[in-house]
Amino acid sequence: MQLPPSDEALFPDLEPPTPSPSPPAFPGAGVRLDVLVALPAHSPLSMAPLPYLHDTALPPGTLVRVPLGAREVLGIVWDEAADMPGTEVAPEAIRPVRTALTDLPPLNAHWRQLIAFTGRYYQRSPGEVALSALPPQLRDLDAVQLGRRLRKLQATATAQPPDTPASVPPPLTPQQQQALQALETSGEGAGGQAPRPCLLFGSTGSGKTEVYLHAVARALAATPQAQVLVLVPEINLTPQLQARFADRFPQERIAALHSGLTPAQRLQHWLAAHTGVARIVLGTRMAVLASIPHLQLVVVDEEHDPSYKQQEGARYSARDLAIYRAHHQQARVLLGSATPSLESWYQSRPAEGDEPAGRYLRLAMPERIGAAPLPRVRLVDMAHAPRGAVFSPLLLEAIGTRAARGEQTLVLLNRRGYAPVLHCPDCGWKSECPHCSAYRVFHKADRTLRCHHCGYTERVPRACPVCGNLDIRTLGQGTERLEESLAEHLQALRRADGAPLAIARIDADTTRHAGALEAQLARVHSGDVDVLVGTQIIAKGHDFRRVTLVAALNPDGALFSSDFRAPERLFALLMQAGGRAGRDAALVRPDTPAELWVQTQFPTHPLFAALRAHDYPAFAARQLEERHDAGLPPYSHHALVRAESRSQEAAQGFLRTAAEACGELAAATGVYCYPAVPMTPQRVANQERAQMLLESPNRAALQHFLHHFSQMLHAHRDRAILRWAIDVDPLAI
Ligand code: ADP
Ligand code: ZN
Ligand code: ZN
């Protein structure tokens, strides 16, 4: 069987860029150009560029404005690639390009190849991927407006840079020096080979960011044009990191790319990266698709973070694309984490016996700098606590002791709202969402019942809507209720200055407004807050100097989840949460070290044993063994196909029909199609949702199969199917 060349793709050995043949000339009618436009992802036309005419040839990568039906849209002159034959259109039906935006340098071949690969690998049209990777404002600008933006950019670029002195880096520790040295040599592959990706495995506070800063400095010093890309998982971590980079590189322009920018800012920063005016590009997952022509280094901080996976449209993994991209642009790539993804951990395995080493180079930095030792982990057995107890009395006592000394506590609960369910003890009514197979969450602050899936919101009823009982009650705990009951339990306690304890909450509900998160974080940093309650937002990345105690209240769900990645996520979350404690050694008393408390019904679970020892390698080894025995990633590859319909039967039937149509190919390629099953929750906004898991030990075989499978989905789709999508390398099953 002939496999497509995209194998091992994220992954070396991909086909070299195809040289574009000169376009055929039509005498008197101009030159035929292939132009990529954003067509609906599921239209059969959408895979190929569309032909247009122009009076002169334009190099691939040039932006053009072209007519499409009755509209005028932005398009990109594209290569005539072998695997994307130009659409057959009668010559007289080919329409002329309206405007060529020739002031803008064309998007280079590396970028075009990245886009083509992303579309192909994630089963979306290249036009959709390409146009969604461009700043939205670019779609609305004419040549004159764009020219103005570019001139403004050039003017600021040639202006005298500020002569603020760069902050002086601390002398590197030996482990940091070794990591940098290894990164350096990773680029000296034999015979012009691309550098080996490096995985920097360093505990929280081991100085990873300092290594990034040095690696960036070296990359920028190599050539006057060199550019670097730094990816962070969360938008709210960008200001902190951006400040550190601005401090270290005051002469450099930094282009930030994330969803928090205004359209005008996003265009400006994108242009700065594309034209090379900005040599440092820093952003969230979307930044991986930016045009960065002279890319020399990609850094992916917290590479294990699920936020790197896009959850709609082309469901790409920014981490995986970073590796693909770096490989093709011969750039170095540095992934960093204290708890790497098992995929990256496996890829960086050392040689063992006959088994050769993985493709990545693993660099370890086990020691923390300037911080106390990693927090002591304390497992609080809740199996014998009174039923419904939310926190152990010991925890309240510990919070009090710390607060009296000016130390802070983080309390982590991964459920927002007041209570996950409202119910009537008389008739058994529960606050179900009428549109979803899920309960609506009780939010006390505005007395609403809110569905976290479809958003359906109502005022809380005064009495049970079924039997009229006035005594309706809450079930379970959310952060809002936790904040309230902590306030109650801690009201007798005092801080060192005699004031009552101050409790704050950070979750998606309290940070909805722009600037709210920053304001709340500032309160925590200033020491105004003694206890911070929140969801996982508070566990990530923040450099809280005065926190010495972190408590995770109810993590047990992940221990027995049907999602095989749940333990991996839990371990990472708890390690990361624990990393918030004791960041300032000077504040930690020798008699009460920084601590991570975990309340659990299962204190003897092996995950907790590894956590206690801060032993990620032991945890990873166990998980990998289980995955190996079960044939799960990274030992196999997954794709998830999802369909939505008014009826569950129709949704499942659609997936089944498409799978049956590919039955022979599945057998020939060794792809296994699991039966179609309902998703959880099964119904959202009155639409029934079903999914089918596809699995193969061979990535290329799965890719080949998906290509045909998606054609079958196109072919068998009928009006009953509202939408369908393919998620390649899904993170949640
Ligand atoms: P990580 O990214 O691994 O959590 P950071 O790079 O943020 O760690 O470093 C943690 C702290 O240690 C920071 O305050 C940083 O300024 C400091 N630090 C890092 N490297 C050094 C060094 N070589 N000497 C002194 N302090 C350092
Ligand atoms: Zn009732
Ligand atoms: Zn709902």
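Look up: the structure comes first, before these words.
Each value, and the rule that gives it
- Residues numbered from 1 in each chain as written.
- Chains lettered and ligands numbered in written order.
- Predicted model: local features only at pLDDT ≥ 70, side-chain atom pairs only at ≥ 80, totals over all residues.
- Heavy atoms only, no water.
- Donors = N, O, S within 2.8 Å, 3.2 Å for Na, K, Ca; no water.
- Tetrahedral: all angles 85-135°; square planar, octahedral: opposite > 155°, others 65-115°.
- Pairing = 2+ DSSP bridges.
- Helix = DSSP H or I, 4+ residues; strand = E, 2+ residues; numbered from the N terminus.
- Axes fitted to C-alpha atoms, helices over the stretch in contact; angles between N-to-C directions.
- Contact = heavy atoms within 4.5 Å.
- Near = heavy atom within 4 Å.
- Polar contact = N/O pair within 3.5 Å; in protein donor to acceptor, adjacent residues only side chain to side chain.
- Areas by Shrake-Rupley, 256 points an atom, 1.4 Å probe, with all protein chains shown as cover.
- Nonpolar A, V, L, I, M, F, W, Y, C, P; charged D, E, K, R; others polar.
- Buried < 20%, exposed > 50% of the residue type's maximum accessible area, 1.4 Å probe, protein only.
- Right-handed = clockwise from strand over helix to strand, strands pointing away.
- Parallel < 35°, antiparallel > 145°, perpendicular 65-115°, else oblique.
- Left-handed = near helix turned anticlockwise from the far one by under 90°.

*Asks:* Which residues make up the coordination of the zinc ion (ligand 3), and what values go with them?
*Replies:* Coordination of the zinc ion (ligand 3) by the protein comes from Cys-433 (SG), Cys-436 (SG), Cys-451 (SG) and Cys-454 (SG), over a distance range of 2.2 to 2.4 Å. Geometry at the zinc ion (ligand 3) is tetrahedral, judged from its four donor atoms and the angles of 107 to 112° they form at the metal.

*Asks:* Help me get a handle on the sheet that holds strand E8 (residues 227-231), residues and values and all.
*Replies:* Read from one edge of the open sheet, seven strands run E9-E10-E8-E11-E12-E7-E13, paired in parallel fashion. Pairing within the sheet leaves two strands with one partner each, and these edge strands are strand E9 (254-257) and strand E13 (361-365). Here the strands of the sheet are splayed against their neighbours by 15° on average, with no regard to which way each runs. Where E8 meets strand E11 (residues 295-301), five bridges bridge the pair, whose relative direction is parallel. When the bridges of E11 are listed, Val-228 appears paired with Leu-297. Lying over the sheet, helix H7 (residues 263-274) contacts E8, E9 and strand E10 (280-283), oriented at roughly 130° with respect to E9.

*Asks:* Could you give me a rundown of the site of ligand 1, with the residues and numbers involved?
*Replies:* Inspection of the region around ligand 1 gives 16 residues, with Pro-171, Gln-176, Gly-205, Lys-208 and Thr-209 positioned closest. Contacts to ligand 1 include Glu-210, whose backbone N or O atom sits 3.2 Å from an oxygen atom. In the environment of ligand 1, an oxygen atom lies 3.0 Å from a nitrogen or oxygen atom belonging to the side chain of Arg-244. Coverage of ligand 1 by the protein amounts to 74% of the 560 Å² it exposes when considered alone. When residues in the shell around ligand 1 are grouped by element, the largest group, three residues, is from helix H5 (residues 208-222). Of the residues assigned to the shell around ligand 1, the class counts are four nonpolar, eight polar and four charged.

*Asks:* Can you break down the sheet that holds strand E24 (residues 595-600) residue by residue, with the values?
*Replies:* The parallel open sheet is built from six strands, whose spatial order is E14-E24-E23-E15-E22-E21. One side of each edge strand has no neighbouring strand; the edge strands of this open sheet are strand E14 (376-381) and strand E21 (503-506). Across the sheet, the mean angle from the axis of one strand to that of its neighbour is 20°, orientation sign disregarded. When strand E15 (residues 408-412) meets strand E23 (residues 547-552), the two strands line up parallel, connected through five bridges. Each residue of the ladder has a partner; that of Leu-410, found in E23, is Val-550. Across the face of the sheet, helix H10 (residues 393-404) comes into contact with E14, E15, strand E22 (531-534), E23 and E24 while running at roughly 160° to E23. The strands touched by helix H12 (residues 516-526) within the sheet are E15, E21 and E22, with E21 carrying the most contacts at an inclination of about 145°.

*Asks:* Explain the pairing of E9 to me, using residue names and the numbers behind them.
*Replies:* On E9, burial covers both faces: Ile-254 and Ala-256 on one face and Ala-255 and Leu-257 on the other are all buried. One ladder, built from four bridges, connects E9 with E10; its direction is parallel. Across the sheet, the residue bridging to Ala-256 is Leu-282, located in E10. In terms of handedness, the path from E9 via H7 over to E10 forms a crossover that is right-handed.

*Asks:* Describe the pairing of E8, listing the residues and the values that go with them.
*Replies:* The side chains of a regular strand alternate between both faces of the sheet. The element E8 is extensively covered by neighbouring structure, given that five of its five residues are classed as buried. Judged by which residues are buried, E8 turns out to be covered on both faces: Gln-227, Leu-229 and Leu-231 on one side and Val-228 and Val-230 on the other are all buried. With four bridges connecting them, E8 and E10 associate as parallel partners. Bridged to Val-230 within E10 is Leu-282.

*Asks:* Residues and numbers for the packing of helix H16 (residues 648-661) against helix H18 (residues 699-716), please.
*Replies:* H18 packs onto H16 with a crossing angle of 130° between their chain directions and a minimal axis gap of 9 Å. Judged on the interaxial angle alone, H18 and H16 are oblique. Here H16 and H18 pass one another in a crossing that is right-handed. Contact residues: H16 offers Phe-654, Leu-655, Thr-657, Ala-658, Ala-659 and Ala-661, while H18 offers Phe-709, Met-712, Leu-713 and His-716. Here the contact of H16 with H18 is composed, by residue class, of eight nonpolar, two polar and no charged.

*Asks:* Lay out the coordination of the zinc ion (ligand 2) with the relevant residues and their values.
*Replies:* At 2.2 to 2.4 Å from the zinc ion (ligand 2) lie its protein donor atoms, namely Cys-424 (SG), Cys-427 (SG), Cys-464 (SG) and Cys-467 (SG). Coordination at the zinc ion (ligand 2) is tetrahedral, judged from the four donor atoms that bind it and the angles of 104 to 115° they form at the metal. Spacing between the donor residues of the zinc ion (ligand 2) along their common chain follows C-x2-C-x36-C-x2-C. By relative accessible area, which is 4% here, Cys-464 ends up buried. The class of Cys-467 is partly exposed, set by a relative accessible area of 40%.

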